[in-house]
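Structural overview
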Amino acid sequence: MSDPLNQRLNQILPRLISDEFLSGSGIGNEIAFYIFDYPPEEELRERDFLRTLLEHIPKQKHGLRVMHINLFDFVIDHLNRRKLLDKAIQLQRDKGDEALKKALAGPLHENKLGSVFAEVAKPEQHDLVIVSGVGNVWPLLRSHSLLNNLQPVMGKTPLVLFYPGRYDGQSLRLFGKLKNNNYYRAFRLVP
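Here goes a summary of the coordinates provided.

The rules we used
- Residues numbered from 1 in each chain as written.
- Predicted model: local features only at pLDDT ≥ 70, side-chain atom pairs only at ≥ 80, totals over all residues.
- Heavy atoms only, no water.
- Axes fitted to C-alpha atoms, helices over the stretch in contact; angles between N-to-C directions.
- Helix = DSSP H or I, 4+ residues; strand = E, 2+ residues; numbered from the N terminus.
- Parallel < 35°, antiparallel > 145°, perpendicular 65-115°, else oblique.
- Left-handed = near helix turned anticlockwise from the far one by under 90°.
- Contact = heavy atoms within 4.5 Å.
- Salt bridge = Lys/Arg side-chain N within 4 Å of Asp/Glu carboxyl O.
- Buried < 20%, exposed > 50% of the residue type's maximum accessible area, 1.4 Å probe, protein only.

Bringing the packing of helix 7 (residues 110–121) against helix 9 (residues 143–154) into the picture now. Viewed as axis vectors pointing N to C, helix 7 and helix 9 meet at an angle of 45°, and their least axial separation amounts to 8 Å. Here helix 7 is positioned oblique relative to helix 9, judged by the angle of their axes. The crossing of helix 7 and helix 9 is right-handed. Residues Glu110, Asn111, Leu113, Gly114, Phe117 and Ala118 of helix 7 lie in contact with helix 9, whose contacting residues are Ser145, Leu146, Asn149, Leu150, Val153 and Met154.

In structure tokens:
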């Protein structure tokens, strides 16, 4: 007998490669954003699953163009390109986490990162974008704010966010504890 998370994980691959999912059937005029929420204590299991998923997608759906973006790596690369990474590391060492968070609020503001994300994700060149690393990049980057800013840049390309916490269809609760009261228009990937 498998546990509930395993049952949900087993539903992901068939869902992602289905023509209905990839074409946005059944979501009306809504944006094709999906969230797979999972218990934060299962992070390592989710990472292993995601590696396997990314290996199996091309075997199951030949020609499907998938982009995976780890938000932590995305932020590190962004800071590196702007020549801010070494300064950020030194600031954190010298003045601590709060000073770092305050200093990076501008360069990592979600309004600015939407277009940077689109340059990396290239939604016009991919059939699916998968996003992970939400917990690793918190509190420097808030996933709900980033998603709100991605709506204009993703077009019809489905985006799936792997989220360590709870999503009830209207609000996100990172790590199952930190509640965001903002409404968000995303669908649960699997129940």
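Read on, since the account is not over.
Moving on, we come to the pattern of salt bridges. Evaluated as defined, the whole model comprises 9 salt bridges. We note a salt bridge from Asp37 to Arg8, for which the minimum N-O separation is 2.9 Å. Of the two residues, Asp37 is situated in strand 1 (residues 33–38) and Arg8 in helix 1 (residues 4–17); the sequence distance between them amounts to 29 residues. Residue classification places Arg8 among the buried positions, given a relative accessible area of 12%. Measuring nitrogen to oxygen at the nearest pair gives 2.7 Å for the salt bridge that ties Arg188 to Asp37. One end of the pair, Arg188, is in strand 7 (residues 187–188); the other, Asp37, is in strand 1, with 151 residues separating them in the sequence. Members of the salt-bridge network, linked through shared partners, are Arg8, Asp37, Arg166 and Arg188.

The values reported here are purely geometric and, on their own, carry no functional implication.
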